[in-house]
Amino acid sequence: MPVIRVGGDLAYTTATPLRMEVDRLLGTDPATLVFDFTELQFIDSTGLSVIVHAWREGQQHGSTVQLSAVPRFLETILDMTGVTGLLARPVGDGGPATGPQGQPTITA
């Protein structure tokens, strides 16, 4: 299982190399891809988009994306943006979440 260790700032200037590494690793069709955030200091919206990109691409490759050693500030951001719920979806369930009678649900 590949592990990507993310440290320092995950922002506009560092997101592209990380995204390329995500694509490279997912191209090997791992069952799980792990992000280790032990050394993460800061994340902006571009960095957050890399996590969402990894989930989306993982869905297409049949890979689960897991986050490890998530700092409190990142946990808060993931919860506020709904990314926590997105990552919790089973592989292959890339569609919108639905409630009773198949109505789409909205996470605020």
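Residues numbered from 1 in each chain as written. Predicted model: local features only at pLDDT ≥ 70, side-chain atom pairs only at ≥ 80, totals over all residues. Heavy atoms only, no water.

1. Some details on the overall build of the protein chain
And then number 1: A tally of helices and strands in the protein chain yields 4 helices and 3 strands.
And then number 2: Each helix and strand of the protein chain, ordered N terminal to C terminal, gives the series β-α-β-α-β-α-α.
And then number 3: Buried residues in the protein chain amount to 34% of all 108 residues.
And then number 4: Put simply, of all contacts in the protein chain between residues at least 6 apart along the chain, 78% involve residues at least 24 apart.
And then number 5: Working note: accessible area of the protein chain is about 6300 Å², and carbon and sulfur atoms make up 55% of it. (Helix = DSSP H or I, 4+ residues; strand = E, 2+ residues; numbered from the N terminus. Buried < 20%, exposed > 50% of the residue type's maximum accessible area, 1.4 Å probe, protein only. Contact = heavy atoms within 4.5 Å. Areas by Shrake-Rupley, 256 points an atom, 1.4 Å probe, with all protein chains shown as cover.)

2. Concerning helix α2 (residues 45-61)
And then number 1: With 17 residues, α2 ought to run about 24 Å at 1.5 Å a step, and its terminal C-alpha atoms sit 24 Å apart, in line with that.
And then number 2: Three or more residues of α2 are buried, namely Gly47, Leu48, Val50, Ile51, His53, Ala54, Trp55, Glu57, Gly58 and Gln59.
And then number 3: Among the structural elements, β1 (3-10), α1 (12-26), β2 (32-43), β3 (64-68), α3 (72-81) and α4 (83-88) are those in contact with the buried residues of α2.
And then number 4: Where α2 begins, the capping side chain belongs to Asp44, and its oxygen is found 3.0 Å from the backbone nitrogen of Thr46.
And then number 5: Positive backbone phi, approximately 75°, marks Gly62, located one or two places after α2. (Expected span 1.5 Å × (residues − 1). Polar contact = N/O pair within 3.5 Å; in protein donor to acceptor, adjacent residues only side chain to side chain.)

3. What about the environment of Gln66?
And then number 1: As for its placement among the helices and strands, Gln66 is situated in strand β3.
And then number 2: According to the relative accessible area criterion, Gln66 is partly exposed, its value standing at 39%.
And then number 3: Residues Gln66 and Val34, 32 residues apart in the sequence, show an inter-C-alpha distance of 4.7 Å.
And then number 4: Among all residues touching Gln66, those that are not within four sequence positions of it are Thr32, Leu33, Val34 and Phe35.

4. With respect to the nonpolar core
And then number 1: Judged by nonpolar contacts, the single largest core of 24 residues is most densely connected at Ile4, Val6, Leu18, Val22, Phe35, Phe37 and Ile51.
And then number 2: Sorting the residues of this core by element identifies β1, α1, β2, α2, α3 and α4 as the ones contributing at least two each.
And then number 3: When near neighbours in sequence (up to four residues on either side) are disregarded, Phe37 contacts Val6, Leu10, Ile51, Leu67, Ser68, Ala69, Val70, Pro71 and Leu74. (Core = buried A, V, L, I, M, F, W, Y, C linked by side-chain atoms within 4.5 Å.)

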